[in-house]
Every structure is written in structure tokens, then in C-alpha cells.
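Fold and contact review
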Amino acid sequence: MDGSLPGQDRALRPPGLAQPVGSRLMAALRVQLVVLGAVMMREIHTRFGRHNMGYMWLFFEPMILGGCIAMVHYISGHGLPGGLDILSFYVVGYTPYYLFRSILNRAATALLANAPIFYHRQVTFLDVMVARNLLDCAAVMIAVLVMLALIGAIRDVWPVDLVWIAFGIATIALFCHGLSLMVVAATIFGVETVDRVVHPLTYLTIPLTGAFYMVWWFPAELQEWMLLVPSVHMFEIIREGQFGPVVPYHYDIPYILVSCAVTNVLGMLALRVAKRRIEFT
Amino acid sequence: MLELRNLWKSYDAHGRQKHVLRGLNATFMRGDAVGILGRNGAGKSTLIRMMAGIEPPTGGEVIRSMSVSWPLGFGGAVHGSITGADNCRFIARIYGKPAGWVESFVEEFAELGEYFRLPVKTYSSGMSSRLAFGLSMAIDFDCYLVDEVIAVGDARFTERCRIMLEERRRRSALLMVSHQGELLRAFCTTAAILHEGRLTFHEDLDQAIATYQAL
């Protein structure tokens, strides 16, 4: 975590041996992957723990919400526009939203919770964030898969394109990963302060994310504004993967990729600037 | 070799720059056993953390051309919410050592009994320093940075640490910071005094301790 080049200090062999730049880079990359793998294993241990339910909520929350809303629709006799299956609509909306919220809400305390491992200079702040967010993303993908299989078995509504759903979830993870780096950088103003701002924000922005409605339900002039929010595009992709071409979808792949790149580049820059002022060791 | 080149550390305290370390220069080689004496707040821990590479210097640089341990001290380095065994496997992985071997080495060294398979937050401070010290021995560094860790253990543990470090003296360096001169006698052959941001070396341990006590 000092000013030296990445890889220079991280190689586990004693430096000073003359090596071509290419193999030094490969060695650094290998160390990076080893560290990432180890941090992920450790995260699994802390999260699954011995007695907390951790990931079980991934299944319960969307199922309860989807179930309740489906019930309300059923009792009131209203369906969704386009006749989409209500339960799967809320499951593919809420579960990826859960990823959005979990990555951002836990970002502020991510480093504090991992303070002891920064005693090892090969572990960087970025390693920890990447490991956590990758794990969250994988968990949400598995949860969606399990729930869609359940829904398929019970109601005979099957996803049309699983790869497309996974792509949509991956873009949400990538977009939020960039944002989470900015949240971490902001903790130089105090972890608690940032936490108090981020939590309400993730709730207040629920209507903006695009998790629980479709763009084609709204008038054209409103759609333009809605589509400024990158995650609206991402949720449309996930729904297209689930339901296929039975209703219109609105998304722009280049816009999604550019917004992921923007949050990640800005996030990494912010973390680079803030890094020297963050002290958790 | 571990080299400090014109090392500075400054903090911003209430809008004023406070210089903790003012241009330190030093070279440590394998086989050295150096005690660094300093009062509370002299910057001992800051110095050891910068040598370990986990805190960036304000100016100058630390050049590590041998493998350098993390700062061994109570607290830090091991994670409270996972078990001692899980900590062993994690540290083994990031330092590229066989996880199973490290686990059994530490289990034998640290003598934690059934606590080895319980979360570290249930340990006493003596137990966690045994775990951390055992881990650092299992990784086998060229240079050990010790931050008064040994003072926490009981006499039996201190003695075992001393023997272990003694065995490694031929191939490893030992740098130990302390505010007690007496502690260094058991482990070190030379000493330096960190006072008012500067490091002064003394060839003779007794002379260093005497000078320190006269400060």
C-alpha cells in the first residue's frame, strides 16, 4: 500500500532477481489472483459463519415480497401489463435490486470489517472490494437461478434466456462496484457519516432504479428521462431474459457499458486519491 | 536487506503539521537483531508499520530486498470473526505456503487446544499473540518486525519465542521496538534510540539502554 508499483512489492519471491517485464507482470497477476481467491474464501467464512443466516435472506426476502405482491394482485384481480407472470416479475426485479443495495450499503464498513487483513501488504483495499462484490454477484445469480427453477416447477413459467439474465445481473454488479469504490473513498469523511447518507439514499432511489416497473408502461417523454438512469436499462435486460419478446424492452448496450466504465474509472481514481488518508491498520 | 532512505512521516494535527519521523536512514541485514527504544508516542509503531509496507511514508522510501513480516504485535493481522484455523489457511494462501502444513505447524506451536477451531474473538490476548506469532514463524520471513508482542505472553511463551527467534538469527533479521530497555536484552544484540523523530544507533546494548534511561 505504499507508493511502489503494483506487483513490485507484491511478488512473493525476493525481488532483485533480474526478470523480463512480461514475467514480472505475470507473477504480479498471479499474486493478485491468489490474494483475491484467499479473500473470497475468507469472506465466505465470515458471512456464512456458524450461526448467522447470511445468504438465506437472499432467498426469503424476494420470495416473501414477490409472494405478497402477487397475492395483492390476485385478490384485486389486476394483472401486470402485457400479462407477465407476477411472481417471476418481482423475483427478477427484487433479487438483483438486493445486489444493488447490498453492494452499496455494505461498502462504507467494508474496510473496517476487514482491518486485520490490511496488515499484510499484498492485500489492497481494491482486492477486498472486488472479492466481496464478486461473491455478492455470484450469490445473487445462484439465488435467482434457484428461485426461477422453483417458479418454473410450480407455475410452469420458465426463463427464456438464462445467459441474458446473468449478463444483466453482471452489469448491475459492475456498475455498483464502481459506485462502491466511491463510497469507500468517501469514508475519509467518516465511516458513520457515509453510512448514514448511503442507507437512506439506497431506499430513496428505489423508484429510480427500474427494478419494479417497465419502461414501456410510461409515456414516451417520461421514458427519455427514465433511460438516463443506467440501472433502468440493466433491469430491462434481465426481464427480457426472463420473458422473451412478448412485450417491448428499452435498453442501450453501449450506454450500459460506458456507464459501468465511468463508475469504475471514477471509483478507482477516488480510491487512489483517498487511499493515503484511509487508515485501518 | 531492509533499507530506510530519508524517511519522513508527518501528520496533520489541528491544522498544524506534526513531524513524527524526520529523515531516518538505516540499513538492516540478515543476522541483525536490533532493538529500537522509544517513549510512548515517539513513533515506534508508525516506523514499524512503514517498514512493513502497510503505511505510506510522507517522504523518502523503504526498500525491501528481503521478505519482511507484517508487524507482530497484539491485535491486528488475525481476524476476530473467523477461527484460528481459518486464519492460518487465509494467511498461508496469501503468502503462498501450503495451507495444511501452516495449519498443523501453528496448531502445535500455539497450543490453543479446542480454541484453535473457535473464532479468534473468543481468545485471550495471550492466546491471540501465540496464534499470530506462530503464524509468522510458519511463513518463515527473512526479517521479523516485532512490536512488543512478546511482553503479552506468559513466561513459558516468551521463552519459546526467544528460542525460536534465536534459531532463526543466522538467516533472519529481527527488529523489535519497545519502550522498555530490559525486554530488548533477551532478544537483541544492538540497539537504536528513536527520539524526537531521529534514530541514533548504538553498537553496545547496555550503553543504548543507559542513554535511553537518561533521556
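Calculation rules
- Residues numbered from 1 in each chain as written.
- Chains lettered and ligands numbered in written order.
- Predicted model: local features only at pLDDT ≥ 70, side-chain atom pairs only at ≥ 80, totals over all residues.
- Heavy atoms only, no water.
- Helix = DSSP H or I, 4+ residues; strand = E, 2+ residues; numbered from the N terminus.
- Buried < 20%, exposed > 50% of the residue type's maximum accessible area, 1.4 Å probe, protein only.
- Areas by Shrake-Rupley, 256 points an atom, 1.4 Å probe, with all protein chains shown as cover.
- Pairing = 2+ DSSP bridges.
- Axes fitted to C-alpha atoms, helices over the stretch in contact; angles between N-to-C directions.
- Contact = heavy atoms within 4.5 Å.
- Buried area = accessible area lost by both parts, 1.4 Å probe.
- Salt bridge = Lys/Arg side-chain N within 4 Å of Asp/Glu carboxyl O.
- Polar contact = N/O pair within 3.5 Å; in protein donor to acceptor, adjacent residues only side chain to side chain.
- Phe/Tyr/Trp six-rings, centres within 6.5 Å; stacked < 30°, edge-to-face > 60°.
- Lys NZ or Arg CZ within 6 Å of the ring centre and 35° of its normal.
- Patch = residues over 30% accessible without salt bridge, like charges linked within 9 Å, V, L, I, M, F, W, Y side chains within 5 Å.
- Parallel < 35°, antiparallel > 145°, perpendicular 65-115°, else oblique.
- Nonpolar A, V, L, I, M, F, W, Y, C, P; charged D, E, K, R; others polar.
- Core = buried A, V, L, I, M, F, W, Y, C linked by side-chain atoms within 4.5 Å.
- Expected span 1.5 Å × (residues − 1).
- pLDDT = per-residue confidence, 0-100.

This part covers the overall build of chain A. Helix and strand counts for chain A stand at 11 helices and 0 strands. Put simply, chain A runs from its N terminus to its C terminus through helices and strands in the order α-α-α-α-α-α-α-α-α-α-α. For chain A, the residues scored as buried account for 47% of the 281 residues in total. For chain A, the exposed area adds up to about 13700 Å²; of that, 72% sits on carbon and sulfur atoms.

Next up on the list: unusual backbone geometry. Residue and element names in this part refer to chain B. We note that D140 has phi near 65°; this positive angle belongs to a residue other than glycine. In this structure, D140 sits in the loop between α4 (125-139) and β5 (143-147). The phi angle at E196 is positive, at roughly 50°, despite the residue not being glycine. Within the element layout of this structure, E196 appears in the loop between β7 (190-195) and β8 (198-202). Taking relative accessible area as the criterion, E196 reaches 62% and is therefore assigned exposed.

Attention shifts here to the pairing of β7(B). Residue and element names in this part refer to chain B. In terms of burial, β7 is largely enclosed, as 5 of its 6 residues are buried. As defined by bridge partners, strand β3 (residues 33-37) adjoins β7 across 4 bridges and the pair is classed as parallel. Its bridge partner lying in β7, I36 is registered against A192. Pairing between β7 and β8: 5 bridges, direction antiparallel. Bridge pairing in β8 links H195 to R198.

Next up on the list: the sheet that holds β5(B). All names here are of chain B. Spatial strand order, β5-β6-β3-β7-β8: 5 strands in an open sheet with mixed pairing. Both outer strands of the open sheet, β5 and β8, are each paired with one neighbouring strand and no more. Direction aside, neighbouring strands of the sheet carry axes that sit 20° apart on average. Helix-sheet contacts for helix α7 (residues 205-214) involve β3, β7 and β8, and the interaxial angle to β7 is about 20°.

Take the environment of B:R198 next. All names here are of chain B. Mapped onto the secondary structure, R198 falls in strand β8. Distance in space between the C-alpha atoms of R198 and W101 is 42 Å, their sequence separation being 97 residues. Among all residues touching R198, those that are not within four sequence positions of it are R22, L24 and I193.

With that settled, the discussion passes to the interface of chain B and chain A. Counting residues at the interface gives 28 residues for chain B and 27 residues for chain A. If you sort the residues of chain B by the area they bury against chain A, B:I54, B:F90 and B:I94 come out on top, with a joint share of 23%. There are 0 salt bridges connecting chain B and chain A. Viewed at the interface, chain A and chain B are joined by 8 residue pairs in polar contact (both at pLDDT 80 or more).

Turning next to the packing of aromatic side chains. As enumerated under the stated definition, the model contains 21 aromatic pairs over all chains in all. Through successive ring pairs, a cluster of aromatic residues spans A:F89, A:Y90, A:Y94, A:Y97, A:F100, A:F212 and A:W217. One Lys or Arg, B:R160, reaches over the ring of B:F109 and ends 4.6 Å from the middle of that ring.

Residue and element names in this part refer to chain B. Most of β3 sits inside the fold, with 5 of its 5 residues counted as buried. Along β3, one buried face is formed by A33, G35 and L37 and the opposite face, lined by V34 and I36, is buried too. Pairing geometry for β3 and strand β6 (residues 173-178), over 5 bridges, is parallel. When the bridges of β6 are listed, G35 appears paired with M176.

Turning our attention to a nonpolar patch on the surface. A cluster of nonpolar residues, A:V258, A:V262, A:V265, A:L266 and A:L269, forms a patch on the protein surface that exposes about 430 Å² of accessible area. Here A:L266 falls in the partly exposed class, since its relative accessible area comes to 45%.

Next up on the list: the pattern of salt bridges. Applying the stated criterion across every chain yields a total of 23 salt bridges over all chains. Measuring nitrogen to oxygen at the nearest pair gives 3.1 Å for the salt bridge that ties A:R106 to A:D136. One end of the pair, A:R106, is in the loop between α3 (86-105) and α4 (107-113); the other, A:D136, is in helix α5 (residues 125-155), with 30 residues separating them in the sequence. The exposure class of A:R106 is partly exposed, given its relative accessible area of 22%. Salt bridges sharing partners connect three or more residues here, namely B:D86, B:R89, B:E103, B:E107 and B:R117.

Below, the discussion takes up the packing of α3(A) against helix α7 (residues 191-204) of chain A. Residues and elements named next belong to chain A. Where α3 meets α7, the closest approach of the two axes is 9 Å, and the angle between their N-to-C directions is 170°. With respect to their mutual orientation, α3 and α7 come out roughly antiparallel. Taken together, the residues of α7 that come into contact with α3 (itself represented by Y97, R101, L104 and N105) are D195, V198, H199, T202 and Y203. Of the residues in the contact of α3 with α7, the class split is 4 nonpolar, 3 polar and 2 charged.

Another aspect to go through is the nonpolar core. Counting residues in each nonpolar core, the largest one holds 139 residues, and the members touching the most others are B:M51, B:W70 and B:L131. Of all the elements, α3(A) adds the most residues to this core, at 13 residues. When neighbours within four sequence positions are excluded, B:L131 is seen to be in contact with B:V78, B:G84, B:C88, B:V106, B:A110, B:L112, B:F116, B:V120 and B:Y123.

On to α4(B), then. Residues and elements named next belong to chain B. A rise of 1.5 Å per residue sets the reference length of α4, with its 15 residues, at 21 Å; its end C-alpha atoms lie 21 Å apart and thus fit the reference within 8%. The buried count for α4 comes to 14 of 15 residues, which makes it a mostly enclosed element. At the C-terminal side of α4, D140 shows a positive phi close to 65°.

A word on the confidence of the model for chain A. Residues and elements named next belong to chain A. Scored by pLDDT, chain A comes out at a mean of 85, with 89% of its residues at no less than 70. Ranking the helices and strands of chain A by mean pLDDT puts helix α6 (residues 162-186) first, with 97, and helix α2 (residues 56-76) last, with 75. With pLDDT under 50 throughout, residues 1-18 is counted as low confidence; its partners more than four residues away or in other chains account for 32 contacts.

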